[in-house]
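As a plain string of letters, each chain reads:
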Amino acid sequence: EVLSIHYDRPLNAHLSRAAVTVGARAVKSQWGYDGAGVGVAVIDSGITAHHDDLGYRGMSSAVRVVGGQRVTAFVDFVNGRALPYDDNGHGTHVSGIIAGDGYDSFGAKAGIAPAAHLVSLKVLDAHGKGVISDVIAAFGWAVQNRLAHNIRVINLSVGARVTESYWTDPLTLAAKR
């Protein structure tokens, strides 16, 4: 009755392409888009409990803030802890690139969508390691809770070795779903 079996292969944090210029500041200044009201699910190593650049500054009354941060939910697929934390730093770094408002740099180092709120889905441990089954579970959580958090974007800055066709790879299939 088993259709197929797949190796739950290890994966690692990746951030080698983050510095690519995407024109986010031009979009903000020309059209006023800054991510306000948009939820971004960050599947990574978690998010620190507090960072100045991720603070809530009254941008939207629709955002449910946790601890003064623009983090509307935190789910730990690694250790099952309830409160936000990042024992690796990668997830917090990625979150800053996505939604940091540049508070510590007076706006100079603002992220792509500085008014967006974040949903932190922790799948990487303190060493930046994890497994694809946790990523697949995080995808499922994000899709299931997309309306409650207005999740419009999912960020996945991790990678794994390719061991099978994208037609059968469980991670690829979950991302497509």
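Residues numbered from 1 in each chain as written. Predicted model: local features only at pLDDT ≥ 70, side-chain atom pairs only at ≥ 80, totals over all residues. Heavy atoms only, no water.

The residue Asp53 is located in the loop between strand E2 (39-44) and strand E3 (71-76) in this model. Beyond its immediate chain neighbours, meaning those up to four positions away, Asp53 contacts Arg70, Ala99, Gly100, Asp101, Gly102, Tyr103 and Asp104. (Helix = DSSP H or I, 4+ residues; strand = E, 2+ residues; numbered from the N terminus. Contact = heavy atoms within 4.5 Å.)

If you trace the 4 strands from one edge of the open sheet to the other, you get E3-E4-E2-E6, paired in parallel fashion. Here the strands that pair on one side only, and so sit at the sheet edges, are E3 and strand E6 (151-156). Put simply, the sheet's adjacent strands are angled 15° from each other on average, direction ignored. Judged from the 6 bridges that link them, E2 and strand E4 (residues 117-122) form a sheet pairing that is parallel. In the sheet register, Gly39 faces E4, and the bridge partner there is His117. Running at roughly 155° to E2, helix H2 (residues 90-99) makes contact with E2, E4 and E6 of the sheet. Contacting E2, E3, E4 and E6, helix H3 (residues 132-144) runs over the sheet at an angle of about 170° to E6. (Pairing = 2+ DSSP bridges. Axes fitted to C-alpha atoms, helices over the stretch in contact; angles between N-to-C directions.)

Another point: the pattern of salt bridges. On inspection of all chains with the given rule, the structure shows 2 salt bridges. Asp169 is the partner of Arg9 in a salt bridge, and the nearest nitrogen-oxygen pair spans 2.8 Å. Highlighted residues: Arg9 in the segment before strand E1 (10-13) and Asp169 in the loop between strand E7 (158-160) and helix H5 (170-176), separated in sequence by 160 residues. Residue Asp87 pairs with Lys122 through a salt bridge whose shortest N-O separation is 2.7 Å. Here Asp87 is found in the loop between E3 and H2, whereas its partner Lys122 is found in strand E4, with 35 residues between them in sequence. On the basis of relative accessibility, which here comes to 0%, the residue Lys122 falls in the buried class. (Salt bridge = Lys/Arg side-chain N within 4 Å of Asp/Glu carboxyl O. Buried < 20%, exposed > 50% of the residue type's maximum accessible area, 1.4 Å probe, protein only.)

Here we come to unusual backbone geometry. The backbone of Asn150 sits at a positive phi, close to 45°, despite the residue not being glycine. On the secondary structure map, Asn150 appears in the loop between helix H4 (146-149) and E6.

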